Amino acid sequence: MKVLIADDSAMSRKLVLKSLPEDLQTEVTQASNGEEALAAYASGNAELIFLDLTMPVMDGFQVLERLKHDNANAVVVVISADIQPQARQRVADLGAAAFIKKPISAEAMLATLHTIGVV
């Protein structure tokens with residue numbers, strides 16, 4: 001499975017990577033902003049996207065809007081510290097499959113992957 005981790009924090013990207021189940025066969029690409037994330041998706045490097053909301057150049061909301069506009073077929077999981085109900089509703093309206101609160105744990109990752117049918 002081609003996985004894209006989009007977050008401006010290298011530490012956060014590393015935590016997401018470490019939280020993935022060891023037995024999940026993945027090819028991981030990383031992006032530090034929304035523009036890089038969309039380029040990686042366009043290059044065919046993203047079936048499953050882990051997306052932060054607060055990033056430079058283009059934020060996660062803008063990425064979700066673009067993916068929705070383009071009828072993208074990637075599954076998007078938002079990972080953010082912004083847990084306000086409005087933010088959660090907006091990402092759901094924009095097509096995100098799930099929302100995980102930062103900091104991410106292996107347990108939260110596994111539960112989410114089960115919920116969205118990846119494992």
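From a predicted model like this one, the values you see are computed outputs, not experimental measurements.

A. Region of the structure containing the sheet that holds strand β4 (residues 75–80). Strand order in the open sheet made by the 5 strands is β2-β1-β3-β4-β5, with parallel pairing throughout. Every other strand in the sheet has two partners, leaving β2 (27–31) and β5 (98–101) as the edge strands with one partner each. On average, adjacent strands in this sheet sit at an angle of 20° to one another, irrespective of strand direction. Strand direction decides the pairing type here: strand β1 (residues 2–6) and β2, joined by 5 bridges, are parallel. Pairing of K2 across the sheet is with E27, part of β2. Together, β3 (48–51), β4 and β5 form the strand contacts of helix α5 (residues 106–115), whose direction differs from that of β5 by roughly 175°.

B. Main features of the pattern of salt bridges. Inspection of every chain in the model, using the stated rule, returns 4 salt bridges. One salt bridge connects D52 with K102, and the closest N-O pair in it is separated by 3.4 Å. Placement of the pair is D52 in the loop between β3 and α3 (60–69) and K102 in the loop between β5 and α5, with a sequence separation of 50 residues. For the pair D52 and K102, a shared accessibility class is recorded, and that class is buried. Each of D7, D52 and K102 takes part in salt bridges that share partners, so that together they form one network.

The rules behind the values
- Residues numbered from 1 in each chain as written.
- Predicted model: local features only at pLDDT ≥ 70, side-chain atom pairs only at ≥ 80, totals over all residues.
- Heavy atoms only, no water.
- Pairing = 2+ DSSP bridges.
- Helix = DSSP H or I, 4+ residues; strand = E, 2+ residues; numbered from the N terminus.
- Axes fitted to C-alpha atoms, helices over the stretch in contact; angles between N-to-C directions.
- Contact = heavy atoms within 4.5 Å.
- Salt bridge = Lys/Arg side-chain N within 4 Å of Asp/Glu carboxyl O.
- Buried < 20%, exposed > 50% of the residue type's maximum accessible area, 1.4 Å probe, protein only.

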